[in-house]
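# Close look at the chain arrangement
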Amino acid sequence: MASRGSRSARSGRVLLGAAVVASALLMLQTPVDFVGMSAGDSRRVSRTALMAAKRRFFIGGNWKANGSPASVKQLIEELNSAKLEVDTSKDVEVVCSPPFVYLSQVKSDLRKDYAVAAQNMWDKAPGAWTGETPAAMLKDMSIDWVVLGHSERRESCGETSEVVASKTKFAIESGLSTITCIGEKLEERESGKTFELLDLQMKPIAAALNEEDWDKVVLAYEPVWAIGTGKVATPEQAEETHAFLRKWLADNVSQKVSDSVRILYGGSVNNKNSEELGTKPNIDGFLVGGASLKGGAFTTIINSAKAAM
Ligand SMILES: O=C[C@H](O)COP(=O)(O)O
């Protein structure tokens, strides 16, 4: 299905339409459901609808446990010399997340308009925690971001949604921003339980955070069946789920948080599919795995954000 056009064109339409709707809602103080969403779902527009146009696009590169000193050096060089066609000071935020052992190198050598994230964090003060990296140590290294709750950690390290929620809160209290991941497995999607599962994953996070905390959170929706498989969710599938999550935030946190929190899509994003995915109104960027290990492909994905503006 064709995308809905550039985000700037769309924003223009949204601004005009939203101004009318928002003023009406200012009087009504009641959210209104749009018709035309897929089965049983709807997207709410409120008096803060204008804010939706202002969410800054976000591209995260999750290098996972990949790299050697030589390949990391080369990737940094490729990223540093790449030709960007977007403005990273206002339009797009870029964050690269290397393995722990390369954090220092990446922090010191990577271009300064890209931030750096750890891929996990220990939610305790420094001390006798063999093998762990407390949040405070990341802050000491001027790391500003941490990826939490990635499905690979949920699956392989037994991280529950409660652990993910607790780590998210601790990270924020420690001065970090988080890319907090959620997403369903194939069997959950196939049995029609995607939204139920996402609800279960979101509840502990919402319970752990106060409204202000959400300023420091980016949500990454990553269907497990699409991660590293080449089976990317269709733009419509991704948009439907992002719209569900945005409505979930409105219903369970606040309209303000729903309007402002960025929701990334992750799962086999590459330099060929990013543009169409990014034009969907509730997709605010990507968490990229494999394609973030190639400077050229990752830069193309960053540049594809132009279509989303
Ligand atoms: O964190 C990134 C996701 O797991 C996506 O990985 P992928 O782009 O290799 O599918």
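Heads up: the structure comes first, above all this text.
Residues numbered from 1 in each chain as written. Predicted model: local features only at pLDDT ≥ 70, side-chain atom pairs only at ≥ 80, totals over all residues. Heavy atoms only, no water.

What follows deals with the pattern of salt bridges. Going through the model one piece at a time under the given rule, you end up with 19 salt bridges. The residue aspartate 113 makes a salt bridge to arginine 111 at a minimum N-O spacing of 2.7 Å. We classify arginine 111 as buried; its relative accessible area is 18%. Between lysine 124 and aspartate 123 there is a salt bridge, and its shortest N-O distance comes to 3.5 Å. (Salt bridge = Lys/Arg side-chain N within 4 Å of Asp/Glu carboxyl O. Buried < 20%, exposed > 50% of the residue type's maximum accessible area, 1.4 Å probe, protein only.)

Notably, lysine 64 is not glycine yet its phi reads approximately 50°, a positive angle. Relative to the elements of secondary structure, lysine 64 occurs in the loop between strand E3 (57–62) and helix H3 (69–81). Even without a glycine there, the phi angle at serine 142 is positive, about 60°. Tracing the sequence through the fold places serine 142 in the loop between helix H5 (135–140) and strand E6 (145–148). (Helix = DSSP H or I, 4+ residues; strand = E, 2+ residues; numbered from the N terminus.)

This brings us to helix H13 (residues 295–303). Burial within H13 is extensive, with seven of its nine residues counted as buried. Listed as buried for H13 are Gly295, Ala297, Phe298, Thr299, Ile301, Ile302 and Asn303. Where the residues of H13 are buried, they touch E3, H3, strand E4 (92–97), strand E5 (114–118), helix H12 (274–278) and strand E10 (285–288). (Contact = heavy atoms within 4.5 Å.)

Moving on: the pairing of E3. Burial analysis of E3 places six of its six residues in the buried class, the great majority of the element. Side chains of E3 alternate between two faces, with Phe57, Ile59 and Gly61 and Phe58, Gly60 and Asn62 buried alike. Of the strand pairs in this sheet, E3 and E4 are connected by six bridges, and their pairing is parallel. For phenylalanine 58, the partnering residue across the bridge sits in E4 and is glutamate 93. Handedness of the β-α-β unit built from E3, H3 and E4 comes out right-handed. As paired strands, E3 and E10 are joined by four bridges and run parallel to one another. (Pairing = 2+ DSSP bridges. Right-handed = clockwise from strand over helix to strand, strands pointing away.)

Another point: the packing of aromatic side chains. Per the stated rule, a full pass over the model turns up five aromatic pairs. Seen in terms of ring centroids, phenylalanine 57 and phenylalanine 286 are 5.8 Å apart; in terms of plane orientation they differ by 80°. Their pairing is edge-to-face. A residue pair is termed long-range when its members are at least 10 positions apart, and phenylalanine 57 in strand E3 and phenylalanine 286 in strand E10 qualify at 229 residues. Judged by centre distance (6.4 Å) and plane angle (55°), the ring pair of tyrosine 221 and tyrosine 265 falls under tilted. Highlighted residues: tyrosine 221 in strand E8 (residues 217–221) and tyrosine 265 in strand E9 (residues 263–266), separated in sequence by 44 residues. A residue is classified by how much of its surface remains accessible, and tyrosine 265, at 0% relative accessible area, is buried. The ring of tyrosine 114 carries arginine 111 above its face, with NZ or CZ at 4.6 Å from the centroid. Positioned over the ring face of tryptophan 122 is lysine 124, at 4.9 Å from the centre of the ring. (Phe/Tyr/Trp six-rings, centres within 6.5 Å; stacked < 30°, edge-to-face > 60°. Lys NZ or Arg CZ within 6 Å of the ring centre and 35° of its normal.)

Grouped together as the largest cluster of nonpolar side chains are 62 residues, with contacts concentrated most on Ile59, Trp214, Leu249, Tyr265, Phe286 and Ile302. Look past the residues within four positions of leucine 249 in its chain and what remains in contact with it is Met202, Trp214, Leu219, Ser254, Val257, Ser258, Val261 and Ile263. Membership of the second largest hydrophobic core comes to twelve residues, among which are Val147, Ile179, Ala220 and Leu287. (Core = buried A, V, L, I, M, F, W, Y, C linked by side-chain atoms within 4.5 Å.)

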